Amino acid sequence: GEYDLLRDSLRMRPNYVIFGEVRGEEAQSLFQNLNTGHTTYATFHAKNSEQVRVRLTTDPINVDETSFGGLDLIINQQEVSISGQSERRAKSIVELREYDAHSEKFDIEQPFVWNQAIDEFEGTLPTEQADTISPLLDEIRHENGWSRAELNAEINRRRIVLSYLMANDMTEYTQVAATLQGYMYSKGNVLSSIADDTLVSETDRFRQMKNISFSINPS
C-alpha cells in the first residue's frame, strides 16, 4: 500500500518526496509525510485553493484539518485560451498561512497572480528596504541566512535558468530535471553553461553527477 511505500521511502532519508496524484484516502498518507518536515509535491483536482481544503476534508478523503499545518503552497494550474490556442498556465500561486477554525478558511498570501490579458505573472518581489515580504519567501530567506538583496539575487538567477530553458525549447523532462539537479549542486556551473550557450550539451553530464565541481572561468 501507499503508506508502506511512504514509510520505506522516509527510511531512505529523501530530500524530496513526489507523491503523485491524490484522489482518495491516500491523502492521509500524504499529510502524514508533509508533517514529518520532508519537502513533498503532489497533484490534486480542485477549482481553487479554498476548494482544495473542502475536498480534502470531506468524503471520501477526510483529512483532519489539524494536519494542514504542513501544507505551505498551492499552485493552481488551468487550461486557458491564449491567442486562440489552448495552453496550460499556473493561474495563481497561493501561500497558506494559519487555518481559522471559526471561519473554516486559511489566511492566504498571493505573491504572484497570472494576468491573462498580457500572459504574464504580476507580483512585487521583496526589496532591501521593503517592510513586507511574502511570508514563505521570508522563511526561505531566514533558513538560508540571506539578506533580502541575496534573496532577490537568487530569485533572479533562477529566473535566468528557467528563461533559458524556455527560450531554447528545453522542455523535455530529462533536460529540465538534469538542469535543476545541476543547479542544486553547482549553480555556478549551470550559469556558466548558459553564458557560453552550451547548456543543451551539458545536461547529460548533470544527470549523471550528484556533486558537480568544475573549474569556471570568472570572465
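This text follows the structure it describes.
Anyway, here's the lowdown on the structure attached to this text. (Residues numbered from 1 in each chain as written. Predicted model: local features only at pLDDT ≥ 70, side-chain atom pairs only at ≥ 80, totals over all residues. Heavy atoms only, no water.)

### A closer look at the overall build of the chain
Scanning the chain for helices and strands turns up eight helices and six strands. Its helices and strands taken in sequence order, the chain reads α-β-α-β-α-β-β-β-β-α-α-α-α-α from the N to the C terminus. Here the chain holds 219 residues, and 32% of them are scored as buried. Across the chain, every contact between residues at least 6 apart in sequence was considered, and the portion connecting residues at least 24 apart equals 42%. Summed over its atoms, the accessible surface of the chain is roughly 14400 Å², and 47% of this surface lies on carbon and sulfur atoms. (Helix = DSSP H or I, 4+ residues; strand = E, 2+ residues; numbered from the N terminus. Buried < 20%, exposed > 50% of the residue type's maximum accessible area, 1.4 Å probe, protein only. Contact = heavy atoms within 4.5 Å. Areas by Shrake-Rupley, 256 points an atom, 1.4 Å probe, with all protein chains shown as cover.)

### Description of a negative patch on the surface
Taken together, Glu-98, Asp-100, Asp-107 and Glu-109 make up a surface patch of like negative charges. For the negative patch, the elements supplying multiple residues, two or more each, are β4 (85–100) and β5 (105–115). Looking at Asp-107, the relative accessible area reads 46%, which means it is partly exposed. (Patch = residues over 30% accessible without salt bridge, like charges linked within 9 Å, V, L, I, M, F, W, Y side chains within 5 Å. Salt bridge = Lys/Arg side-chain N within 4 Å of Asp/Glu carboxyl O. Lys, Arg positive; Asp, Glu negative; His and termini not counted. Charge placed at Lys NZ, Arg CZ, Asp CG, Glu CD.)

### Quick look at the pairing of β5
Inspection of the sheet shows β4 paired to β5 by six bridges, in the antiparallel sense. Bridge pairing in β5 links Ser-92 to Val-113. In this structure, β5 lies alongside strand β6 (residues 120–122), joined through three bridges in antiparallel fashion. The residue bridging Asn-115 from the neighbouring strand is Glu-120, located in β6. Hairpin remark: β5 followed by β6, antiparallel, with four residues in the connecting loop; positive phi at Asp-119, about 55°. (Pairing = 2+ DSSP bridges.)

### Some words on the packing of helix α1 (residues 2–11) against helix α2 (residues 26–34)
For the pair α1 and α2, the least separation of the axes is 9 Å and the interaxial angle reads 20°. As summarised for this structure, α1 and α2 are arranged roughly parallel, according to the angle between their axes. Both α1 and α2 take part in a crossing whose hand is right-handed. Residues Glu-2, Tyr-3, Leu-6 and Leu-10 of α1 form the contact with α2, whose participating residues are Glu-26, Ser-29, Gln-32 and Asn-33. (Axes fitted to C-alpha atoms, helices over the stretch in contact; angles between N-to-C directions. Parallel < 35°, antiparallel > 145°, perpendicular 65-115°, else oblique. Left-handed = near helix turned anticlockwise from the far one by under 90°.)

### Some thoughts on the sheet that holds β4
Spatially, four strands are ordered β3-β4-β5-β6 in an open sheet, and the strand pairing comes out antiparallel. The outermost strands of the open sheet, each flanked by one partner alone, are β3 (73–82) and β6. Sheet twist, expressed as the mean angle between neighbouring strand axes with direction ignored, is 30°. Together, β3, β4 and β5 form the strand contacts of helix α4 (residues 135–144), whose direction differs from that of β4 by roughly 75°.

### What to know about the pairing of strand β2 (residues 39–44)
Of the pairings in the sheet, the one linking strand β1 (residues 16–22) to β2 comprises six bridges and is parallel in character. Opposite Val-22, over in β2, you have Phe-44 as the bridge partner. Considered for its hand, the β-α-β crossover made up of β1, α2 and β2 is right-handed. (Right-handed = clockwise from strand over helix to strand, strands pointing away.)

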